[in-house]
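Notes for the structure review
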Amino acid sequence: MTRCTNCGTQWTFKEKLRKSFSFDRGMPCPQCGEAQYLTWRYRKKSILITFLMILLFFLPSFFNASWSIFLAIFTITLAAGLFLQIHTFELTDKDDGDFWNV
């Protein structure tokens, strides 16, 4: 459950999806307008999920699978990865800086 650290407003799925595709560091809370940032812990989890998605995406090519199996695995992997990333959101009111500098 993703909540604003300032006012406690729960973010909707649409707001979390918009933040996940944004390149901006912070995003204002829809209720109070206070800037919210993704936590360092969430960013580490996000990189791990993305790495696993890429690994699963190329897995059928090692077994010489057909295109239909490849497409099915790609679709399932993409949907599961997006679901995991959206539902594991963690917000903070402080900008942790760059991922590599933390």
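For the structure itself, consult the block above.
Residues numbered from 1 in each chain as written. Predicted model: local features only at pLDDT ≥ 70, side-chain atom pairs only at ≥ 80, totals over all residues. Heavy atoms only, no water.

**Description of the overall build of the protein chain**
Secondary structure summary: the protein chain contains three helices and three strands in total. Moving toward the C terminus, one meets the helices and strands of the protein chain in the order α-β-β-α-α-β. Compactness check: the protein chain gives a C-alpha radius of gyration of 16 Å against a globular reference of 13 Å for 102 residues, more than 25% above the reference. Overall size of the protein chain, expressed as C-alpha extent along the three principal axes, is 50 × 30 × 20 Å. Within the protein chain, the proportion of its 102 residues that are buried is 25%. Contacts in the protein chain between residues far apart in sequence, at least 24 positions, make up 66% of those at least 6 positions apart. In the form shown here, the protein chain has an accessible surface area of approximately 7300 Å², with 66% of it arising from carbon and sulfur atoms. If the 11 positive side-chain charges of the protein chain are averaged to one point and the 8 negative ones to another, these points end up 6 Å apart. (Helix = DSSP H or I, 4+ residues; strand = E, 2+ residues; numbered from the N terminus. Rg over C-alpha atoms; globule rule 2.2 N^0.38 Å. Buried < 20%, exposed > 50% of the residue type's maximum accessible area, 1.4 Å probe, protein only. Contact = heavy atoms within 4.5 Å. Areas by Shrake-Rupley, 256 points an atom, 1.4 Å probe, with all protein chains shown as cover. Lys, Arg positive; Asp, Glu negative; His and termini not counted. Charge placed at Lys NZ, Arg CZ, Asp CG, Glu CD.)

**Some remarks on the side chain of Thr-92**
Here Thr-92 is to be found in strand β3 (residues 91-92). Within the local environment of Thr-92, its side chain forms a polar contact with the backbone nitrogen of Lys-94, the two atoms lying 3.4 Å apart. Apart from the residues within four sequence positions on either side, Thr-92 is in contact with Thr-5, Ala-35, Gln-36, Tyr-37, Leu-38 and Thr-39. (Polar contact = N/O pair within 3.5 Å; in protein donor to acceptor, adjacent residues only side chain to side chain.)

**Considering the pairing of strand β2 (residues 35-38)**
In terms of strand pairing, strand β1 (residues 26-28) meets β2 through three bridges, oriented antiparallel. In the strand pairing of β2, Pro-28 is matched with Ala-35. Hairpin connection between β1 and β2: a loop of six residues separates the two successive antiparallel strands, and Gly-33 in this loop has a positive phi of roughly 85°. (Pairing = 2+ DSSP bridges.)

**A look at helix α1 (residues 13-20)**
Listing the buried residues of α1 in full gives Glu-15, Lys-16 and Lys-19. Buried residues of α1, seen end-on, are gathered within an arc of 100° and therefore sit on one face of the element. Among the exposed residues of α1, those oriented more than 90 degrees off its buried face are Lys-14 and Arg-18. In the core, the buried residues of α1 are packed alongside β1, β2 and α3 (67-87). (Arc of directions from axis to C-beta.)

**Description of the nonpolar core**
Counting residues in hydrophobic clusters, the biggest one holds eight residues: Cys-4, Trp-11, Met-27, Cys-29, Leu-38, Tyr-42, Phe-89 and Leu-91. Not counting residues within four places of it along the chain, the set of residues in contact with Trp-11 comprises Thr-2, Cys-4, Lys-16, Lys-19, Met-27, Pro-28, Cys-29, Pro-30, Gln-36 and Leu-91. (Core = buried A, V, L, I, M, F, W, Y, C linked by side-chain atoms within 4.5 Å.)

**Comments concerning the environment of Gln-10**
Within the secondary structure, Gln-10 is located in the segment before α1. Taking the relative accessible area as the measure of exposure, Gln-10 reaches 41% and is therefore partly exposed. Between the C-alpha atom of Gln-10 and that of Glu-90, which follows or precedes it by 80 residues, the distance is 11 Å.

**Side note on the state of the cysteines**
One pass over the full model with this rule turns up zero disulfides. Free of any disulfide, Cys-7 has its nearest neighbouring cysteine sulfur in Cys-29, separated by 3.7 Å. With no disulfide of its own, Cys-29 lies closest to Cys-4 among cysteine sulfurs, the gap being 3.6 Å. (Disulfide = S-S within 2.5 Å.)

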